[in-house]
Amino acid sequence: MSVPSGQKATAPRRRPSRPGGLPGRQDWSSWPRYQAAAAGFRGYWYPVTYSSQVTGRPRQITLLGEKIVLLRDSGTVYALRDRCPHRGVPLSEGSQQFPGTISCPYHGWTFDLRSGELKAAITDGPASPICGKVTQPTYPTAERLGMVWVFVGDGEDAPPIDDQLPEELVDNAAIVGSRIQPRPGNWRFACENGYDEGHAKYLHRTALWRLFKPMPVWNETRVVQRGRWIYRVQDEQHWEADFPGLGKWSNQAWFKLKPPKAVANIGNTGGHREVNPVIAAQDYPGFASVSMPGVLRIVYPTFIHYEFYVPVDQDSHLYVGALVEFTRGIRTLPFYAKYLGFVRWLFHGQFSGQDRWMVEVTDAPPERLYRPDDSLLRWRKLAEDTCEARAERLRGDGIHPPGPPPAD
Amino acid sequence: MSVPSGQKATAPRRRPSRPGGLPGRQDWSSWPRYQAAAAGFRGYWYPVTYSSQVTGRPRQITLLGEKIVLLRDSGTVYALRDRCPHRGVPLSEGSQQFPGTISCPYHGWTFDLRSGELKAAITDGPASPICGKVTQPTYPTAERLGMVWVFVGDGEDAPPIDDQLPEELVDNAAIVGSRIQPRPGNWRFACENGYDEGHAKYLHRTALWRLFKPMPVWNETRVVQRGRWIYRVQDEQHWEADFPGLGKWSNQAWFKLKPPKAVANIGNTGGHREVNPVIAAQDYPGFASVSMPGVLRIVYPTFIHYEFYVPVDQDSHLYVGALVEFTRGIRTLPFYAKYLGFVRWLFHGQFSGQDRWMVEVTDAPPERLYRPDDSLLRWRKLAEDTCEARAERLRGDGIHPPGPPPAD
Amino acid sequence: MSVPSGQKATAPRRRPSRPGGLPGRQDWSSWPRYQAAAAGFRGYWYPVTYSSQVTGRPRQITLLGEKIVLLRDSGTVYALRDRCPHRGVPLSEGSQQFPGTISCPYHGWTFDLRSGELKAAITDGPASPICGKVTQPTYPTAERLGMVWVFVGDGEDAPPIDDQLPEELVDNAAIVGSRIQPRPGNWRFACENGYDEGHAKYLHRTALWRLFKPMPVWNETRVVQRGRWIYRVQDEQHWEADFPGLGKWSNQAWFKLKPPKAVANIGNTGGHREVNPVIAAQDYPGFASVSMPGVLRIVYPTFIHYEFYVPVDQDSHLYVGALVEFTRGIRTLPFYAKYLGFVRWLFHGQFSGQDRWMVEVTDAPPERLYRPDDSLLRWRKLAEDTCEARAERLRGDGIHPPGPPPAD
């Protein structure tokens, strides 16, 4: 239907003034690299699927907007750009004709999995002059926590994945219960939601995961940095409040536990059990922390919950939730019972589903921030500074990654 | 699939000439304000839903391209812009935490329903510095004919809704049978279809509503203005015609009533019953009339049928059909029996469904108008002039609504 | 969801070099008219549907991006532009009110099927001044091979359809088994796939149609032109190959026939039967040939298979496959038994479905061609030259068809 272009809906004449609080922002130009990272930050490892999902049958994933084919050969996972340079057909629709290679389904162009080199063009015979003249881009891969990780960079050498994993996961025995879910919405909304100080106490008040434990109404919080992580430190927790002209409000109920006396910085409602020795040894300043390229860590007395927000493209991301206990041997059995019978459905399911709901409907900028959004601003600054530092480092190596669009 | 941009399909060489009749138009630039009003005219009240559909549970509607949340509190309907200024989440996904307010589901920002003022940000405690510094735009509301009406303007004071309702509906006892239906297609195609002199006699010849009554083949019609309405006046009705080189054509059939002798201007096929006194008192010059912002009135001897074409966005509208009888007391029972057993299905259903079909497939401009389209041109002129007069009035009040795009 | 515009995914730093083989192409600017013909070449007849599908009930098709209404009247098929000039409603939603005409459903505008002239505007009576002042564009039509063909040009006189049909189909008795299927993907990918020398031997190796006959691994091929056709001539066929560093590869299997000794140029794996006299008389230089505007001819000893790639719009095409035997009388019975019981499912079905799969996922340019793509380059050159020659011819007749976009 063709309709003449129309009168745009316009704002009413009396615009609300904006004299106080954090400023209303029409865009994210204060953080140009963050603003430009709609499809994710390059130069990082990302978890993309369970290890068990990558077999000898090629599989396509999308990561930071790039189509990538994954294939396992002799136990090792390989990743190549999933577009045959000949006619643009996805290699993931093809198959393996020779060990160590993948062949395009259309004309049998055959690439070395390790180097990406074109080893044969089957339909042009053994002496095809194109062999050795075409190389398909490849991606470094690794396997950790039962998942396949892929590094997306700008041509630099990939750093060891252990340099990027949360430190406590590198050397300690741990068991993992995880959930991977494609979700609508930009990865930054997911990450901001995860670290957001304000939302949990209100949005999640109806989560079954919180059925017997109240949440505070509001907190007084500081954000502190230690190494590559920033932490939320609770200075004060307020369990009920009386709003002028409106009335009292709290999360408490007769069937819920009473709020703890002390301010909790391990778990968000107070440590009520002996703290696991590995966790205690980390001496975390606060229970919620975040690091690049979008990793959330929520520390409880006996386990840690991680969320990895993996950019698929500008409009969707992969939610990777992992619950980790630092234990081994016979102790792993009750963990799996607890995870499969309880945590997976209530925490990684209904509770996290509330976050999914908000990430999908968030629509910013423009935005109008308030006091608890300090956590969000600190995360954006961390991302901006870290990305700027990497760009500096790459330029030193003679690599010029694309910068953010120039400020107007 | 990426395909190089291609050769555009082009018109054949021998273009049909356009020497006569009303001119063929490539666009609607003769009516710049009408052309610009793809998403509707601002400065009017619009019916948006049944009163019974607005309760204490927030509900989103779209009107003139704007998302609006409706909520009923202590019997009164309130309407606010449905986008929390904090992070862009729809307030209609939220709930009521305190009387007289609505709270965003994400962080509990709580707005006064009447003023739009931010009264509390629950997760920032009672002394949140942002309170009183943010005001959400609100919309005037009213309830008439069993429906909720919302005023969309440019910041001016809303005129009383009774100034805009069809005059006969303001002071007379009336009973209403109505149907509200979201429909595809621009609201202007719907309105032009409604007032169009030409289509009814041909398009609707197969409607069951006309099963026993023939329609004329063609009419001689004048359009006259009285106040804010323009009326179609029938000077002549032709019940059959002999088309040169083609043959005879008529809407008559052995099972249909014979056409009336006199030209009918109450009802489109002749008044055959005593005219209701309220209707008679109005002394309408013609049976079909239209007024801003897109209200059709079809007068029959014993009832009036109204159609309100409510702009949802540029591509869809709300059809609001209302059949009104000016009667009361015991007489209302046969009305409801007739409406629910008959009118709703044949008139507001199958007959009106033929209009829906045409509005969906109309694709103009370009267009090539003919003699009966004089009714359509007069409607466009009425809309253009009325909109221009309002813009003049607003400028006098210091309000500068957006104008149409400048002519090239 | 509004997301700030983001950092575009970029190519890795170490780009593969391109020193040899056919050049990698970022676009098709070497063939500007071919590049511009995303919606097809104008000036040709195209098959659009089975003859039996065009009846007295109007039917819409899309051809070269143009909406066209087809209608059969007194045995003849007519084609008109499917948009009423009045208000843009498709005539195909209308019906026939008088012999030799079609009427728009909205206001009864009635067009002559042969000339396109507006004969009546029913709702404006017999003396409507617009009659004779409006002419709807029409398209030449024909019926061949049990199908309706439509000519799309730029205002020139349509050449006789027999000048465009494959020559052997014009004067010889023939029986046809055909399949018409709407398919995704640009028509050029379909045509290039059809004539592509390289793909059949690899892509179709798993087709049931080839169950008992092996295909070569690779061929040595020349392309030769004769009249308006170009032919692939096989100089050498290689039935197995040993790829350096990878190993041996062949299409042979214990249950398949042994490869023929001689190089086959009738049928792609060797003539094993007596050649039909009509086919023998043509003395084709090679078994696969192509001509404008996208007609593939594959010659077997006893039948010929044709594929017509009919542009619907830029993103989809009509696959028209036809299997023809030059026989008559009692011999037609085993043909239909063979076609319906076997060929239709294996050849026009599963085998051709593999082509459909590739055409859908092809994504070029950019592309990186290799030695067997010489057949593809020759087809592009044929199309380019033929299109240029037609433009020259039209200019001589004072017709100026749109050219390709100017080179940058």
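Use the structure listed above.
Residues numbered from 1 in each chain as written. Chains lettered and ligands numbered in written order. Predicted model: local features only at pLDDT ≥ 70, side-chain atom pairs only at ≥ 80, totals over all residues. Heavy atoms only, no water.

## Describing the packing of helix H3 (residues 187-195) of chain C against helix H7 (residues 374-396) of chain C
All names here are of chain C.
Here's step 1: Between H3 and H7, the least distance of the axes is 9 Å, while the angle of their chain directions is 130°. Between H3 and H7, the angle falls in the class oblique. For the pair H3 and H7, the sense of crossing is right-handed. Where H3 approaches H7, its residues Trp187, Cys191, Glu192 and Tyr195 are matched on the opposing element by Ser375, Leu376, Trp379 and Arg380. (Axes fitted to C-alpha atoms, helices over the stretch in contact; angles between N-to-C directions. Helix = DSSP H or I, 4+ residues; strand = E, 2+ residues; numbered from the N terminus. Parallel < 35°, antiparallel > 145°, perpendicular 65-115°, else oblique. Left-handed = near helix turned anticlockwise from the far one by under 90°. Contact = heavy atoms within 4.5 Å.)

## Digging into the sheet that holds strand E11 (residues 147-152) of chain C
Residues and elements named next belong to chain C.
Here's step 1: Read across the sheet, three strands follow the order E2-E11-E10 without closing on themselves; strand pairing throughout is antiparallel. Of all strands in the sheet, those with a lone pairing partner are strand E2 (44-50) and strand E10 (141-144), marking the two edges. Direction aside, the axes of adjacent strands within the sheet are offset by 35° on average.
Here's step 2: Pairing of E2 with E11, which is carried by six bridges, proceeds in the antiparallel orientation. Pairing of Tyr46 across the sheet is with Val150, part of E11. (Pairing = 2+ DSSP bridges.)

## So, the interface of chain B and chain A
Here's step 1: Contact residues are listed per partner, giving 66 residues for chain B and 56 residues for chain A.
Here's step 2: For the pair chain B and chain A, the summed buried area comes to about 4,800 Å², and 56% of that belongs to carbon and sulfur atoms.
Here's step 3: It is B:Arg87, B:Tyr106 and B:Thr123 that lose the most area in chain B upon contact with chain A, and together they represent 17% of the buried surface on that side.
Here's step 4: Linking chain B to chain A there are four salt bridges.
Here's step 5: At the surface where chain B touches chain A, the tally comes to 16 residue pairs in polar contact (both at pLDDT 80 or more).
Here's step 6: Counted by class, the side of chain B that touches chain A contains 30 nonpolar, 21 polar and 15 charged residues. (Buried area = accessible area lost by both parts, 1.4 Å probe. Salt bridge = Lys/Arg side-chain N within 4 Å of Asp/Glu carboxyl O. Polar contact = N/O pair within 3.5 Å; in protein donor to acceptor, adjacent residues only side chain to side chain. Nonpolar A, V, L, I, M, F, W, Y, C, P; charged D, E, K, R; others polar.)

## Remarks on helix H6 (residues 332-361) of chain A
Here's step 1: For H6(A), with 30 residues, the first-to-last C-alpha span of 38 Å runs short of the 44 Å given by 1.5 Å per residue.
Here's step 2: Roughly 60° is the biggest bend found in H6(A), and it falls at A:Val343. (Expected span 1.5 Å × (residues − 1). Bend = angle between axes of the 7 residues up to and from the residue.)

## As for the packing of aromatic side chains
Here's step 1: Tallied over the entire structure, the rule returns 66 aromatic pairs over all chains.
Here's step 2: Judged by centre distance (6.5 Å) and plane angle (80°), the ring pair of B:Tyr300 and B:Phe347 falls under edge-to-face. Here B:Tyr300, found in the loop between strand E18 (295-299) and strand E19 (304-313), pairs with B:Phe347, found in helix H6 (residues 332-361); they are 47 residues apart in sequence, far enough to count as distant.
Here's step 3: Since its relative accessible area comes to 10%, B:Tyr300 is described here as buried.
Here's step 4: Measuring from centroid to centroid gives 6.3 Å for C:Phe335 and C:Tyr339, while their planes differ by 10°, and the two rings are stacked. Here the residue C:Phe335 and the residue C:Tyr339 both occupy positions in helix H6 (residues 332-361), the gap between them amounting to four residues, near one helical turn. (Phe/Tyr/Trp six-rings, centres within 6.5 Å; stacked < 30°, edge-to-face > 60°. Buried < 20%, exposed > 50% of the residue type's maximum accessible area, 1.4 Å probe, protein only.)

## A look at the relation of the copies chain C and chain A
Here's step 1: Superposing chain C onto chain A requires a rotation of 120° together with a translation of 0.1 Å along the rotation axis, leaving an RMSD of 0.0 Å. The symmetry that links the two subunits is that of a three-fold axis.
Here's step 2: Little of the interface of chain C is mirrored in chain A, where only 12% of its interface residues are also at the interface. (Least-squares fit on C-alpha atoms with pLDDT ≥ 70 in both.)

## Some thoughts on the relation of the copies chain B and chain A
Here's step 1: It takes a turn of 120° to lay chain B on chain A, together with a shift of 0.1 Å along the axis; the resulting RMSD is 0.1 Å.
Here's step 2: A distinct binding surface is used by each copy, with only 11% of the interface residues of chain B retained as interface residues in chain A.

## Focus on the pairing of strand E7 (residues 109-112) of chain B
All names here are of chain B.
Here's step 1: Taking every second residue as pointing to the same face, both faces of E7 are buried, with Trp109 and Phe111 on one and Thr110 and Asp112 on the other.
Here's step 2: Bridge count between strand E6 (residues 101-103) and E7: three bridges; the pairing is antiparallel. Each residue of the ladder has a partner; that of Ile102, found in E7, is Phe111.
Here's step 3: Two elements, E7 and strand E8 (residues 118-121), share three bridges in a ladder whose sense is antiparallel. Among the inter-strand pairings, Thr110 is bridged to a residue of E8, identified as Ala120.
Here's step 4: Here E7 hands over to E8 after five residues, with Gly116 in that stretch at a positive phi of 80°.

## A closer look at the environment of C:Asn186
Residue and element names in this part refer to chain C.
Here's step 1: Structurally, Asn186 is set in the loop between strand E12 (175-184) and H3.
Here's step 2: Judged by relative accessible area, Asn186 falls into the buried class, the value being 0%.
Here's step 3: Separated by 21 residues in sequence, Asn186 and Leu165 place their C-alpha atoms 22 Å apart.

## Brief notes about the side chain of A:Asn251
All names here are of chain A.
Here's step 1: Within the fold, Asn251 resides in the loop between strand E16 (247-250) and helix H5 (277-282).
Here's step 2: Within the structure, the side chain of Asn251 is placed 2.9 Å from the backbone oxygen of Lys201, a separation counted as a polar contact.
Here's step 3: Every residue in contact with Asn251, bar those within four places of it in the chain, is listed here: Lys201, Arg205, Pro214, Met215, Pro216, Val217, Trp239 and Lys256.

## With respect to a nonpolar patch on the surface
Here's step 1: Taken together, the side chains of A:Leu208, A:Leu211, A:Phe212, A:Trp254, A:Phe255 and A:Leu257 define a hydrophobic patch exposed on the protein surface, amounting to about 690 Å² of accessible area.
Here's step 2: A relative accessible area of 31% means that A:Leu211 is categorised as partly exposed. (Patch = residues over 30% accessible without salt bridge, like charges linked within 9 Å, V, L, I, M, F, W, Y side chains within 5 Å. Areas by Shrake-Rupley, 256 points an atom, 1.4 Å probe, with all protein chains shown as cover.)

## Quick word on the interface of chain C and chain A
Here's step 1: Contacts between chain C and chain A engage 56 residues on the former and 65 residues on the latter.
Here's step 2: Taken together, both faces of the contact between chain C and chain A bury some 4,800 Å²; the carbon and sulfur share is 56%.
Here's step 3: The interface formed by chain C and chain A contains four salt bridges.
Here's step 4: Residue C:Asp363 pairs with A:Arg83 through a salt bridge whose shortest N-O separation is 3.7 Å.
Here's step 5: Our count for the contact surface shared by chain C and chain A stands at 15 residue pairs in polar contact (both at pLDDT 80 or more).
Here's step 6: When residues of the side of chain C that touches chain A are traced back to their parent elements, those giving at least two are H3, helix H4 (199-203), strand E15 (240-243), strand E16 (247-250), H6, strand E21 (367-368) and H7 of chain C.
Here's step 7: Looking at side-chain class alone, the side of chain C that touches chain A contains 29 nonpolar, 13 polar and 14 charged residues.

## Here's the deal with the nonpolar core
Here's step 1: Membership of the largest hydrophobic core comes to 82 residues, with the highest contact counts inside it found for C:Phe41, C:Leu63, C:Trp209 and C:Trp379.
Here's step 2: Sorting elements by how many residues they give to this core places H6(C) first, with seven residues.
Here's step 3: Excluding anything up to four places from it in sequence, C:Leu63 contacts C:Tyr46, C:Val48, C:Ile68, C:Val150, C:Val152, C:Val310, C:Pro311 and C:Val312.
Here's step 4: Ranked by size, the runner-up nonpolar core spans 81 residues in total, among them A:Trp149, A:Ile175, A:Phe303 and A:Val343. (Core = buried A, V, L, I, M, F, W, Y, C linked by side-chain atoms within 4.5 Å.)

## Quick notes on the pattern of salt bridges
Residue and element names in this part refer to chain B.
Here's step 1: Applying the stated rule across the entire model yields 66 salt bridges over all chains.
Here's step 2: The partner of Arg228 in a salt bridge is Glu167, with the nearest N and O atoms 3.5 Å apart. Here Arg228 is found in the loop between strand E13 (218-226) and strand E14 (229-238), whereas its partner Glu167 is found in the loop between strand E11 (147-152) and helix H2 (168-171), with 61 residues between them in sequence.
Here's step 3: On the basis of relative accessibility, which here comes to 28%, the residue Arg228 falls in the partly exposed class.
Here's step 4: By relative accessible area, which is 38% here, Glu167 ends up partly exposed.
Here's step 5: Across the pair Glu325 and Lys338 runs a salt bridge whose closest N-O atoms are separated by 2.9 Å. Highlighted residues: Glu325 in strand E20 (residues 316-325) and Lys338 in helix H6, separated in sequence by 13 residues.
Here's step 6: Its relative accessible area of 14% is what places Glu325 among the buried residues.
Here's step 7: Using a relative accessible area of 26% as the deciding quantity, one classes Lys338 as partly exposed.

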